[in-house]
Amino acid sequence: MQPLKITLFGDYYDCQLYRGRLYLWTFDGDLRIYDWDQVIDKVIEHNGDWLTFLYGYKDGRYLYGSKTKRLFEDDEFKEIVLRRYSSTCRRKHFLEEKDIEDCIIGVQPAPSSALPVDTEIYNNILYYSTEKGLFKATAHRPRSEKYKVSTKALKLWDARILSIIANDYPQMALSAGSDGLYEYRPGSNYNYAFLKEIEPQLYQVSEKYSLFSNYIFESIFSSSHNGNSYISMFKLDRDKNSYFHRVFEKEIEENAFIDDFKGDAILSWGIRDKVYQATGNKVRVIKYSKWKENSHADRLNSFGTFNLKSNSRLIKGSAATFGNIMEYEDKLLVMMSNNEKFVLPEEVTRWRIYPRSINYLNQLHVILEDRVEFISFNHDSYVDQMSKLNGIEYYIPTSTKARGMCSDYIEEW
Amino acid sequence: MPDIQFTYQFEYDKKEVHYLSSPKHRQIGNPHKSIWIVTHDEEFRCFKYTYENEWVVENEAWGFVLNANEKFTVLGQGLNNEELKIAKFKKDPNATEWHGYPCNYMANTYDVPSDIVLKKWVELHRITKAKMSKIQQTLSCNL
């Protein structure tokens, strides 16, 4: 089941999709904000298939939701859905900027008038890094406001941040290259023992090189060139009131992830329940388990391997529910969770996935030289979540409290 | 053999520009510094080309040399023998001379070229937008 694709032609540099708004940074320094549902409606107008675009682009959660899961498992319904997806995938869906002009919510100069190194939107705040440092600006402002992203950005730090990733909880992993790995905890008053506070609410997690990073549940996986990745392991301690607090436990280097490591990793990455170690001709999959009180079981366990060879250099990786995304110098490869492959055989400017999102978790957005591709993967709800090698297990926090500004963890975690 | 410094100068925009080719970045086996593998004259030509193209931001500049096939030339070697194709030039605020070294943006975030310079390279079609993004993120890109 190949993905759906919508192409928007234009000269872009970065994008974000958040709470129904598409943010597009243009190369000449603008930030264009679109009503995402209206953009999708434009495509539906031309192609008529509301069902595939509804689940593919507007409400991806219904692919997994318990209320609709039984419907999708029904053989007759499944056949209809697959036939319509297949027919829609075969058609090309092109848009020009003029086609979606009336979907614009706002156009403004890019924050700090800079092309960002990385961006992340969390809790209605845009966090972005430039060569001048790390900044934040209020985003998702009412439509009545002239600027939908505040022009009064606040500088949080002056280090060069290569990668910003938010967790489900109010934590943000910041990779600063040769300056190390850091974590920003907005809105938290908790005093992180064993970690040095560099700026208010900003802590140094490791001095070791960090190219990009992501959360594996409560811990942070930091990726690096040439087999020098590591995990900053956290655990939860109970205080006298029986509340859990996340504390730094230890650092585990690449060669200690699993017992039979052969020192052959060229790039590794981790997110949520999976860690991937790519060697020259295969990828080793390691399952990461959440911390559990009173459990002494290893949190890292070998899970499988899959073959992967390429003539070009692998430079970045991540995973979503729908599969593994691997960026090479000259292409982007998705190893889908059903073990099919999807390849974009071009040099990529930027790609984005939204694994924390409820509605957009099945999407991959890719900025290329002259366009942005909005790619929607819709196969994963048919794949066994516990046994799949490619992609993270579908999961949603059990409590809305977990998605708020809570600095303490709930028992369910 | 004593370390020899080579000094150069030229005029640009009615101002004298001085360049010092230092031996510090030519000592093979130095565990802390990248080294030039091009000659002193080629090093200077790289700087002059950089300066005259105004790939300069305050007291720092970044440049490269294109070969006959319009491809980036290897200018130096990194600490782990990496091929380095971008040079960084600096002028201390109290000094008159510029100096430089082949820089490894993948190893050192302070070596990443300024966005202003990268954007100029894209607009001149010397690098693609994709390569600019990779360099900003200190990712490998096939220059």
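One can find the structure itself at the top, above this paragraph.
Quantities reported herein were computed from a predicted structural model and do not represent experimental measurements.

For this particular structure, what's the right way to read the nonpolar core?
Most often, soluble globular proteins keep nonpolar side chains buried together rather than apart. Residues and elements named next belong to chain A. Within the largest apolar cluster, 33 residues are counted, with the highest numbers of intra-cluster contacts made by I6, L8, L24, W36, Y57 and F374. Looking at this core, the elements with two or more residues in it are β1 (4-9), β2 (12-18), β3 (21-26), α1 (36-47), α2 (50-58), α4 (75-90) and β30 (371-376). The greatest single-element share of this core, amounting to five residues, is contributed by α1. With residues up to four places along the chain from it excluded, the contact list for W36 reads L17, G20, R21, L22, Y57, Y360, Q363, H365 and F374.

Is there a simple way to think about the pattern of salt bridges in this case?
Oppositely charged side chains are able to pair whenever their charged atoms sit close together. Residues and elements named next belong to chain A. Summed over all chains, the structure comprises 36 salt bridges over all chains. A salt bridge links R32 to E101; the nearest nitrogen and oxygen atoms lie 3.8 Å apart. You can see R32 sitting in strand β4 (residues 30-35) and its partner E101 sitting in the loop between β5 (94-95) and β6 (104-109), a full 69 residues away along the chain. By relative accessible area, which is 12% here, R32 ends up buried.

Before we go on, may I ask you to explain the environment of A:Y13 in this structure?
Relative to the elements of secondary structure, A:Y13 occurs in strand β2. A:Y13 sits 359 residues away from A:V372 along the chain, and the two C-alpha atoms are 9.1 Å apart. Excluding its chain neighbours within four sequence positions, the residues that come into contact with A:Y13 are A:W25, A:T26, A:F27, A:L115, A:P116, A:T349, A:R350, A:I367, B:K129, B:M132, B:S133 and B:Q136. A polar side-chain atom of A:Y13 sits 2.7 Å from a polar atom in the side chain of B:Q136.

Each value, and the rule that gives it
- Residues numbered from 1 in each chain as written.
- Chains lettered and ligands numbered in written order.
- Predicted model: local features only at pLDDT ≥ 70, side-chain atom pairs only at ≥ 80, totals over all residues.
- Heavy atoms only, no water.
- Core = buried A, V, L, I, M, F, W, Y, C linked by side-chain atoms within 4.5 Å.
- Buried < 20%, exposed > 50% of the residue type's maximum accessible area, 1.4 Å probe, protein only.
- Helix = DSSP H or I, 4+ residues; strand = E, 2+ residues; numbered from the N terminus.
- Contact = heavy atoms within 4.5 Å.
- Salt bridge = Lys/Arg side-chain N within 4 Å of Asp/Glu carboxyl O.
- Polar contact = N/O pair within 3.5 Å; in protein donor to acceptor, adjacent residues only side chain to side chain.

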